[in-house]
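# Summary of structural features
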Amino acid sequence: MIETLEALLHGFSIALTWQNLLWAFLGVTLGTVVGILPGIGPALTVALLLPVTFKLDPIASFIMFAGIYYGGMYGGSTTSILLNTPGESASIITAIEGNQMARRGRGAAALATAAIGSFVAGTIATALLTFLAPPLARLGLAFGPADYFALMVLAFTTVTAVLGSSLLRGLTSLFFGIGLGLVGIDLQSGQARYTLGTLELLDGISVIIVAVGLFAVGETLYVASRYRRAPQDVEAIKGSIWMSREEWARSWRPWIRGALLGFPLGGLPAGGAEIPTFLSYGLEKRLSRKPEEFGKGAIEGVAGPEAANNAAAAGVLVPLLTLGIPTSATAAIMLAAFQQFGLQPGPLLFTRAPDLVWGLIASLYVGNFMLLVLNLPLVGIWVRLLTIPRPLLYAGILVFATLGVYSLGNSVVDLITLYAIGFVGFLMRRFGFPVAPAVIGMILGPLAEQQFRRALSISQGDYSVFFTRPLSLTLLIVAALALVVPVLLDVRAKRAQARREGAAQAG
Amino acid sequence: MELGASRRRVPWGDLLVALGVLALGGFFLQGALALRVLPSYARIGPRFFPILVGVALLVCGVALVAQALRGVRGVPEDAEDIDAGAQADWVPVAVIGATLALHALLVGRLGFVLSTTLLFMGVALGFDERRVWRTAPVGLALSLAVYLAFTKLLGLRLPAGVLPL
């Protein structure tokens, strides 16, 4: 406890230097912008910045990345309150109640409860992260290769089961990503795999190219194919951003409940921010004294889910930093960023790079505070971003995508790969394959293979090593359940529905 | 969740994508089996994961083909700026695709600034923005600003091409 506080203080001494404050500010500003703009999100932004930050100090880079990550969450809520089009799935709920509030002239209060709630929940969750991460990292030291492999399998299956509507399509996406990660020279045996006889592929396909292709190019092609030509109404911000006494009274409990709900669910390998926001919404609706207001602009329905959303974002950082397991697309890209700097997140990171870890954690507190200031009084400026004409916006996104990839090595082969993967990303969206499992599979796949082979070389080729260690066995069983249970529930629901329909026909 | 509207009609797009997954599985499996591995090393060698990926994609592909033949469609993703009721229109996809191909072709010859200006205009055209007098200056300004920022400030290399930059 005391050690943790000392470490955190040390972290603040790093995060509060003026250079790092500047990086944090740059990060949260960029994050807010990309959170508000459609078609571009934190995962894509961090991927695009990877080549630029290559020469930068890793601590400064990560402080900026963390700012982008948190900022994206704040910005997303602004969009969903003022536009009636849910963008990222974690904001769907905010879009329901928040947009209703905006239409009824209480847009400012909705923005305020979202921003203050994000700040409160973000701070609570960051504090939980601060005190939970060191013991978890120590626990992680006891993990052997077999346990790590099992943990990664768990991350694969839960991410696949949680994201998207179809397990089959999620699995396809996941294995496609793992396959992309196999391309290149196998480091243990020195054999070239899937390089098609070309020199360019010997080093493997760059994570940056895959992420930018799937996110930027794929999304742009997809939006173009079903582009909404009618201009969208941006709701004007009406009312005061200083919430009334009643609005405070109705907001603070949902904030805290949302934080306590979002953090653990974000931190589980079944991460992501969707489920906690849905749960928080349901909880607030049940606890509210005015449940009839829900669906018509209940402030609790914005406060709770937004808090849960942000707390989950902090929760996602727990397995990433302590175990090296990414549970969302953005976390996967951050893992790739660690690798770029020759760092491997996990238990050893806390002892090998304490400056980085604690500077990063301290900067989360700082970034949260900056975001509150940036988003409350200045929200009117950000809102103007929503009026950028879409053709110019998407054209600009592709300019930056091309730039980011071309600057890697001035290679036309890279560009063609980017565009080809972008087309795959378009097809995936068009035919309902979630993109995130592919990104996570590509980044986590090579690590999973490494642990798998390490475990087998320790056991001298005996596969039972994965089932005889209690930890690894437990994780694998949970992973299997994550795949099987949703299918069983689905079958049961369909049978029940068939029975009901049968009964209705008979009656 | 993924039951589409029409049960009987085979969705050709879904079927083609499913066949693509099958082909991909075949590619990975074939590549895995072509790897030569010392027998003593087989279990921990470089083949296990490729075989796993190949087989898994083949299984997924078979299941997807079966779904498509039963008339099950994938649910297209939701996004901002999307008209949920609209059918997919392939014309803009082709316009933007051609623009990207042209960009890959020209970037080495024309240089970054001019080729990227064309890229900007082409993508905007894909989004139905036909007013060239509007997209050309914006695209040029953006490309030039980005070029200067990256080469002069960040020290990255980008081709100058025909412009005397």
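Residues numbered from 1 in each chain as written. Chains lettered and ligands numbered in written order. Predicted model: local features only at pLDDT ≥ 70, side-chain atom pairs only at ≥ 80, totals over all residues.

### Some details on the overall build of chain B
Helices and strands together make up the secondary structure of chain B, namely five helices and zero strands. Reading the helices (α) and strands (β) of chain B from amino to carboxyl end gives α-α-α-α-α. Along the longest, intermediate and shortest principal axes, the C-alpha atoms of chain B span 60 × 50 × 25 Å. Looking at chain B as a whole, 36% of its 165 residues qualify as buried. Considering only contacts in chain B between residues 6 or more positions apart, those separated by 24 or more positions represent 67%. (Helix = DSSP H or I, 4+ residues; strand = E, 2+ residues; numbered from the N terminus. Buried ≥ 20, exposed ≤ 12 C-beta atoms within 10 Å, placed from the backbone. Contact = placed C-beta atoms within 7 Å.)

### As for the overall build of chain A
Within chain A, the secondary structure is distributed over 21 helices and two strands. Taken against the 2.2 N^0.38 rule, which gives 23 Å for 507 residues, the C-alpha radius of gyration of chain A at 23 Å falls within 12% of a compact globule. When its C-alpha atoms are laid out on the principal axes, chain A stretches across 75 × 65 × 50 Å. Classification of the 507 residues of chain A by burial places 60% in the buried group. Taking the intrachain contacts of chain A between residues at least 6 apart in sequence as the baseline, contacts between residues at least 24 apart amount to 81%. (Rg over C-alpha atoms; globule rule 2.2 N^0.38 Å.)

### A few points about the packing of helix H2 (residues 18-36) of chain A against helix H4 (residues 58-82) of chain A
H4 of chain A packs onto H2 of chain A with a crossing angle of 35 degrees between their chain directions and a minimal axis gap of 6 Å. Like other packed secondary-structure pairs, H2 of chain A and H4 of chain A cross with a definite hand, here right-handed. (Axes fitted to C-alpha atoms, helices over the stretch in contact; angles between N-to-C directions. Left-handed = near helix turned anticlockwise from the far one by under 90°.)

### So, unusual backbone geometry
Although it is not a glycine, Tyr 194 of chain A sits at a positive phi angle of roughly 55 degrees. You can see Tyr 194 of chain A is positioned in the loop between strand E2 (192-193) and helix H9 (207-225). Overall, Tyr 194 of chain A belongs to the buried group, with 20 C-beta atoms counted inside 10 Å. The backbone of Asp 128 of chain B shows a phi angle near 75 degrees, a positive value even though the residue is not glycine. Mapping Asp 128 of chain B onto the fold places it in the loop between helix H4 (112-126) and helix H5 (132-153). A residue is classified by how many C-beta atoms lie within 10 Å of it, and Asp 128 of chain B, with 14 of them, is partly exposed.

### Some details on helix H11 (residues 274-287) of chain A
In a regular helix each residue adds 1.5 Å, so 14 residues correspond to 20 Å; H11 of chain A covers 20 Å between its end C-alpha atoms and thus fits that length. Residues Glu 274, Ile 275, Pro 276, Thr 277, Ser 280, Tyr 281 and Glu 284 of chain A constitute the buried set of H11 of chain A. (Expected span 1.5 Å × (residues − 1).)

### Examining the environment of Glu 77 of chain B
Summarising the element assignment, Glu 77 of chain B is placed in the loop between helix H2 (48-69) and helix H3 (90-110). Apart from residues no more than four positions distant in its own chain, Glu 77 of chain B is found in contact with Arg 429 and Gly 432 of chain A.

### Describing the domain arrangement of chain B
When the domains of chain B are assigned, the result is domain 1 (12-69) and domain 2 (90-153). The centre of domain 1 of chain B, based on its C-alpha atoms, is set 38 Å off from the matching centre of domain 2 of chain B. (Domains from an automatic or database assignment.)

### Concerning the confidence of the model for chain B
Residues and elements named next belong to chain B. Of the residues in chain B, 92% have a pLDDT of 70 or more, and the chain-wide mean is 86. When pLDDT is averaged over each element of chain B, H4 comes out on top at 95 and H5 at the bottom at 91. For residues 1-6, every residue scores under 50 in pLDDT, and the model assigns this stretch 15 contacts once sequence neighbours within four places are set aside. Here the predicted complex carries an ipTM of 0.91, next to a pTM of 0.89. (pLDDT = per-residue confidence, 0-100.)

### Focus: the interface of chain B and chain A
If you look at the interface, chain B gives 64 residues, while chain A gives 64 residues. Here the side of chain B that touches chain A takes nine residues from H3 of chain B, the largest share from any one element. Its residues assigned to classes, the side of chain B that touches chain A comprises 42 nonpolar, ten polar and twelve charged. (Nonpolar A, V, L, I, M, F, W, Y, C, P; charged D, E, K, R; others polar.)

### A look at the nonpolar core
By size, the foremost hydrophobic cluster in this structure holds 209 residues, and its most contacted members are Met 152, Ala 211, Val 212 and Val 439 of chain A. A total of 16 residues in this core trace back to one element, the largest contributor, which is helix H6 (residues 107-140) of chain A. Here this core spans two domains, since at least three of its residues come from each of domain 1 (12-69) and domain 2 (90-153) of chain B. Excluding residues that lie within four positions of it along the chain, Ala 211 of chain A makes contacts with Ala 43, Leu 44, Ala 47, Ile 333 and Val 439 of chain A. (Core = buried A, V, L, I, M, F, W, Y, C linked by C-beta atoms within 7 Å.)

### Some points on helix H3 (residues 42-53) of chain A
Residue and element names in this part refer to chain A. Counted at 1.5 Å a residue, the expected span for H3 with its twelve residues is 16 Å, and the 15 Å between its end C-alpha atoms agrees. The buried fraction of H3 amounts to ten of the twelve residues, a majority that puts the element mostly inside the structure. Every buried residue belonging to H3 is among Pro 42, Ala 43, Leu 44, Thr 45, Val 46, Ala 47, Leu 48, Leu 49, Leu 50 and Pro 51, and all of these are buried. Those residues of H3 that are buried are in contact with H2, H4, H9, helix H13 (329-340) and helix H17 (390-409).

### Regarding the packing of H17 of chain A against H5 of chain B
A packed helix pair is summarised by two numbers, namely the angle formed by the two axes and the spacing between the axes. At their nearest, the axes of H17 of chain A and H5 of chain B sit 11 Å apart, and the two run at 30 degrees to each other. Considering their axes alone, H17 of chain A and H5 of chain B lie roughly parallel with respect to each other. Between H17 of chain A and H5 of chain B the crossing geometry is right-handed. Contacts from Leu 392, Ala 395, Gly 396, Val 399, Leu 403 and Ser 407 of chain A of H17 of chain A reach H5 of chain B at Val 138, Gly 139, Leu 142, Ser 143, Val 146 and Phe 150 of chain B. Looking at the contact of H17 of chain A with H5 of chain B, its residues break down into eight nonpolar, four polar and no charged. (Parallel < 35°, antiparallel > 145°, perpendicular 65-115°, else oblique.)

### Quick word on the environment of Ala 114 of chain A
Residue and element names in this part refer to chain A. If you trace the backbone, Ala 114 turns up in helix H6. Each C-alpha atom of the pair Ala 114 and Thr 78 lies 8.2 Å from the other, and the pair is 36 residues apart in sequence. Non-local contacts of Ala 114, meaning those with residues more than four positions away in its chain, are made with Ser 77, Ile 81, Thr 94, Gly 98, Val 302 and Glu 306.

### Here we look at the environment of Trp 255 of chain A
Residues and elements named next belong to chain A. By the element assignment, Trp 255 lies in helix H10 (residues 245-267). Residue classification places Trp 255 among the buried residues on the basis of 26 C-beta atoms within 10 Å. For the pair formed by Trp 255 and Val 223, sequence separation is 32 residues and the distance between their alpha carbons is 34 Å. Leaving out residues up to four positions away in the same chain, Trp 255 has contacts with Gly 117, Val 120, Ala 121, Ala 303 and Ala 307.

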